[in-house]
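Summary of the model geometry
Listed here are the chains, written in short residue letters.
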Amino acid sequence: MTSIPVNFSLTPEQAETVMEVLTGLSQTTNNQKIRNVTRFLLRNVRQDVWAKSHATALLIKLLAKKTSQVGIHENSSLRSYLRLTPDAIKFEVPKWCSSVLLKVCKNGNLGKPKGRLTTKKIIKAKPTKVKDLVKLILNEVP
Amino acid sequence: MKCLKVLITVGCAMVFNTVSYGQLKPKYKISIGQSTSNSLTRGKPATLTAVFPNDTTANSQSINGFFEFGYDFVKDERERFAITAFMERHLNTLISKKQDVFQAGGQFTTEFFHRKKFFGVYKVKAAITGKHSDDREKDKTTGQFLLHLNLVPTGQGSWFDAMINKNVVFPSSKYENYKNAPKSYRDTVPYVKDASDYIQWSGSHTVGLEHITNPRVTAFHLGYGISVYPFSGLLHRVFDHDQTMEISYGIDLWERLSEEEVDLFLGTSHTWAFGLNFFVNKEKKQAIGLKYSIHRGGNPLIGLADQNFEQIALSAVFTLKNLD
């Protein structure tokens, strides 16, 4: 099957509904082509919409717990707002991101992640905001 | 001449030290600040003042700063060290006991206890400096060898981390964070004024041993400085950055360890300052501002005699490229 790029502009809530419908459709039909297409669409919706919002929510929850800072959002600065020192970004953040990645893959039934987030990957990406970390996590989602 | 030989030896030792590290990734850095002596003065801005009277009175000026070029060597994510060469100028003809010192030398900085299992949430940063100092006012040259240590927090910056480290400001700016939030977030969550709107602070410290060759003297040096930023978040609304207004106090204590009496200031010096920072970039460690300061005491390293004076100066601190 040739891959066709599919773009959705869905909110996380709409994505949940679309995912429910697609799952139901793929399970009830015997047509192989429809099953393949629904599976493909389901994977896209999961990765593009659900995974991003889920990873952001999980990461913000984890960061709030670890830094005891409230009012964190995706544009929050890791250094000046969350007060993460360069060492904390190097040694603590990879652990936190990896745990979020595993949870996202498990909750979304996405399969095994491509790899873990290591210190090396974090340093190379030079993250400054929470959304940079989310982007790194999504890169590893299968 | 003897000083020069020692400097060359120290330089060679540093070079050979780098050879023993296998896969190093050197990254260059260029910095400007007040003095390379220790991490406390490193974080302070370089200052420049000049007076050009129209009558027969001589021109007078004050320069306090260093220019530094060097390399950061990164062995792995946790281990690194830096070697830099610098030139330092401390000239002040605006005061009664004039100061005119030119210094050049090298510095080696490294970190201890960075692998956490040794030292909890702090690591120790050490700076070893060797410099040749030319005091043009007293017409004498001297060598200076300094070893300075300070604690660097490795975890999240608590209020205490902010008290001892210039790079950590406490409380963190809630207003700036709110301003940067996506519109969807701002539409749903209203902004409530926080402590950071009214006050923020940061401090720095250093503990060191200093040896001066002419006159020969060894001293213990303890330095501490604290900056308070009143109405930080409220002024953010006007100047678009935090830490616009700055009130600071610094204390330096020199205790003579060698027995001989010397003609150098070894005692306690205090500095009070009030300043406005017009441009601040926290990520890049850059700041430009205007500062009014009151000095009581001297400084044996930069040829400043024991005296009281006040000055207003343009101040600048920046690092073009650095690791942290």
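Structure's up top.
Each chain has its residues counted from 1, following the order in which its sequence is written. The naming scheme follows written order: chains are lettered A onward, ligands numbered 1 onward. Residue-level local features of this predicted model are given only where pLDDT is at least 70; pairs of side-chain atoms are given and counted only at 80 or more, and the full residue set underlies all totals for whole chains, interfaces and linings. Each side-chain value is worked out from all heavy atoms of the structure, with water and hydrogens disregarded.

1. Section: the overall build of chain A
We count a stretch as a helix when DSSP gives it H or I for four or more residues in a row; a strand needs E for two or more, and each element gets its number in order from the N terminus. In terms of helices and strands, chain A carries six helices and zero strands. Reading the helices (α) and strands (β) of chain A from amino to carboxyl end gives α-α-α-α-α-α. Counting every position in chain A, which comprises 142 residues, the buried fraction comes to 44%. In chain A, 65% of the contacts between residues at least 6 apart in sequence involve partners at least 24 apart. Residue-level accessible areas treat just the shown protein chains as cover; the underlying method is Shrake-Rupley with a 1.4 Å probe. Carbon and sulfur atoms make up 54% of the accessible area of chain A, which amounts to about 8100 Å² in all. The positive charge centre, built from 25 side chains, and the negative charge centre, built from 9, are 7 Å apart in chain A. Under the scheme applied here, a residue whose accessible area is under 20% of the maximum for its type counts as buried, over 50% as exposed, and between as partly exposed, the area being computed with a 1.4 Å probe on protein chains only. What makes two residues a contact is simply this: any of their non-hydrogen atoms within 4.5 Å. Only four residue types enter the charge count, namely Lys and Arg as positive and Asp and Glu as negative; His and the chain termini do not. The atoms used to mark charge sites are NZ of Lys, CZ of Arg, CG of Asp and CD of Glu.

2. Considerations on the interface of chain B and chain A
Facing 24 residues of chain B, the contacting portion of chain A comprises 27 residues. Here the buried area means the combined drop in accessible surface, using a 1.4 Å probe, for two parts upon being joined, counting both sides. A combined buried area of about 2100 Å² lies between chain B and chain A, and 49% of that area is made up of carbon and sulfur atoms. With a closest N to O distance of 2.8 Å, Asp87 of chain A and Lys123 of chain B form a salt bridge. Pairs of N or O atoms within 3.5 Å make up the polar contacts considered here, provided that, within protein, one atom can donate a hydrogen while the other can accept it, and that residues adjacent in sequence are counted only when both atoms are side-chain atoms. Seen at the junction of chain B and chain A, the total is ten residue pairs in polar contact (both at pLDDT 80 or more). Definition used for salt bridges: Asp or Glu carboxyl oxygen within 4 Å of a side-chain nitrogen of Lys or Arg.

3. Topic: the environment of Trp254 of chain B
All names here are of chain B. Within the element layout of this structure, Trp254 appears in strand β10 (residues 245–256). Using a relative accessible area of 3% as the deciding quantity, one classes Trp254 as buried. In the structure, Trp254 is positioned 35 residues away from Ala219 in sequence and 6.2 Å away in space, judged by C-alpha atoms. Each residue touching Trp254, except ones within four places of it in the same chain, is listed here: Glu210, Ala219, Phe220, His221, Phe265, Leu266, Gly267, Ser269, Gly298, Asn299 and Pro300. One polar contact links Trp254 to Glu210, side chain to side chain, over a distance of 2.8 Å.

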